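Secondary and tertiary structure notes
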Amino acid sequence: MEMELLTDNNVTLLPSCSDVSDDDFTQTNSESQDLFPCEICGKIYLTENKIRKHSVTHTRLNCYLCNICHYRFSDINHLKQHLKVHDEFKELCCEICGHEFSNSRKLNLHRKIHVGGRPFDCVFCGQTFSDANNLKRHAKAHTGGKPYSCDVCGHCFDTKGKLQIHHRKHTGEKPFSCEICDKDFATKGHLSKHRRIHTGIKCFHCKSCGKDFLKNEDLKIHVRTHTGERPFYCKICWKGFITNSQLNRHLKIHTTERPFHCDVCGRNFIRNDNLRRHIKTHTGEKSFYCEMCGKGFRDSAHLKRHYRIHIDDKHFCCDICGKTFMTNSRLRTHLKTHEADFPHVTFSESVSFSLTESN
């Protein structure tokens, strides 16, 4: 054997054909179909598995064995490179984060992550990634590869980890627990998001108004108030909404269902918040107070209208005389004073009005 090629204790050179014991094969001229002859040296084996192992000794295919992890290599240089993975002290270390690598190529790719580099490109769409594993997972979206199937509902996933997380929906397993309130979660990510409730740390910042949020989902919803995006539409009246929950509340308008009942006067409401606001008309409760004059109001909308008194904010203007008003209703009332001066003008019930003379 060529044991002199490698002297490291972590390496074993697998035996060649001449090193194999005669016990592993039989010399026979039998024509039985149960025997497997070697086409190179003529030795005959009783099982297909043994002839397959024997054939490797002729080609030297994967004959270099790592004694640590038992991984096999066909080339001695490949094995030497592999042994660096098991080195107790790795020489290649990232000077920024301290992460260690077995070769300089991996280290150089890693360094690009710290400078915003994304060296791994998707050949299908061109999207870039900072990690090779992320690229592999992304590529499955193009190839449709979802080899992991749930044995309960049949849903398929592209990674084993996603399947394991999904399976917890069926089992109810929640292995991650909050050390503060003992609430349990199915994933580590959900637990991390929950912890922000206790710490009060708001990591997600709105670039438009500077407001901070605990969750990225809340920020995305908030940004729509700046962009005007309304991705959820009512299929009856085509009114748009920022969130799906807002759409679901709106859909009740198109039905006769009014499940929220006032025990005082018997009036029914579509939404629970409308009922709570209505109950204040019976109790006289005023939860919203003006910081300038102390006047109380039943809801925030009335308080906002009241603030215009203090800041002289008059948005509603009469196009005839130029007089401004703080509310739309006061403008409509004012427009009626012009009816005597313009007998041929028809004023509508809204802010806008028509100057078309009747025939």
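Described in the following lines is the structure provided in the data block. These numbers were taken from a predicted model, which means no experiment stands behind them. (Residues numbered from 1 in each chain as written. Predicted model: local features only at pLDDT ≥ 70, side-chain atom pairs only at ≥ 80, totals over all residues. Heavy atoms only, no water.)

Quick notes on the overall build of the protein
Of regular secondary structure, the protein possesses 11 helices and 23 strands. Partitioning the contacts of the protein with sequence separation of at least 6, the portion at a separation of at least 24 is 11%. A total of about 25500 Å² of accessible surface is found on the protein, and carbon and sulfur atoms cover 50% of it. (Helix = DSSP H or I, 4+ residues; strand = E, 2+ residues; numbered from the N terminus. Contact = heavy atoms within 4.5 Å. Areas by Shrake-Rupley, 256 points an atom, 1.4 Å probe, with all protein chains shown as cover.)

Topic: the side chain of H166
By secondary structure assignment, the location of H166 is in helix α5 (residues 160-171). In this structure, H166 is in contact with C150, C153, H155 and F157, ignoring residues within four places of it in sequence.

Observations regarding unusual backbone geometry
A positive phi angle, close to 65 degrees, is found at D182, a residue other than glycine. Residue placement: D182 occurs in the loop between β12 (176-177) and β13 (184-185). With a phi close to 60 degrees, W238 is a non-glycine residue in the positive phi region. Locating W238 in the fold gives a position in the loop between β16 (232-233) and β17 (240-241). Residue W238 is classed as exposed on the basis of its relative accessible area, which comes to 59%. (Buried < 20%, exposed > 50% of the residue type's maximum accessible area, 1.4 Å probe, protein only.)

Regarding the pattern of salt bridges
Pairing between side chains of opposite charge can happen when the charged atoms of each approach one another. Following the criterion strictly, the structure yields four salt bridges and no others. Linking R195 and E179 is a salt bridge whose minimum nitrogen-to-oxygen distance equals 3.1 Å. Pair noted here: R195 is in helix α6 (residues 188-199) and E179 is in the loop between β12 and β13, with a separation of 16 residues, a long-range link. Relative accessible area serves as the criterion here: at 31%, R195 is assigned to the partly exposed category. For E179, a relative accessible area of 54% corresponds to the exposed category. A salt bridge links D273 to R271; the nearest nitrogen and oxygen atoms lie 2.5 Å apart. By relative accessible area, which is 23% here, D273 ends up partly exposed. (Salt bridge = Lys/Arg side-chain N within 4 Å of Asp/Glu carboxyl O.)

As for helix α9 (residues 272-283)
One turn of an α-helix holds 3.6 residues; hence residues three or four places apart share an orientation. Over its 12 residues, α9 runs 17 Å from end to end, which matches the ideal 16 Å to within 8%, given 1.5 Å per residue. Every buried residue of α9 is listed here: L275, H278 and K280. (Expected span 1.5 Å × (residues − 1).)

Digging into the nonpolar core
Counting residues in hydrophobic clusters, the biggest one holds six residues: Y64, C66, F73, I76, L79 and L83. Contributions of two or more residues to this core are made by β4 (64-66) and α2 (76-83). A per-element tally of this core places α2 first, with three residues. (Core = buried A, V, L, I, M, F, W, Y, C linked by side-chain atoms within 4.5 Å.)

What to know about the state of the cysteines
For the coordinates displayed, the defined rule picks out zero disulfides. You can see C209 has no disulfide; the closest cysteine sulfur is in C206, sitting 3.6 Å from it. Here C265 is not cross-linked by a disulfide; its sulfur's nearest cysteine counterpart is in C262, at 3.7 Å. (Disulfide = S-S within 2.5 Å.)

Structural notes on α2
Where α2 is concerned, the buried positions are I76, L79, H82 and L83. Seen end-on, α2 carries its buried residues on one side only, within an arc spanning 120 degrees. (Arc of directions from axis to C-beta.)

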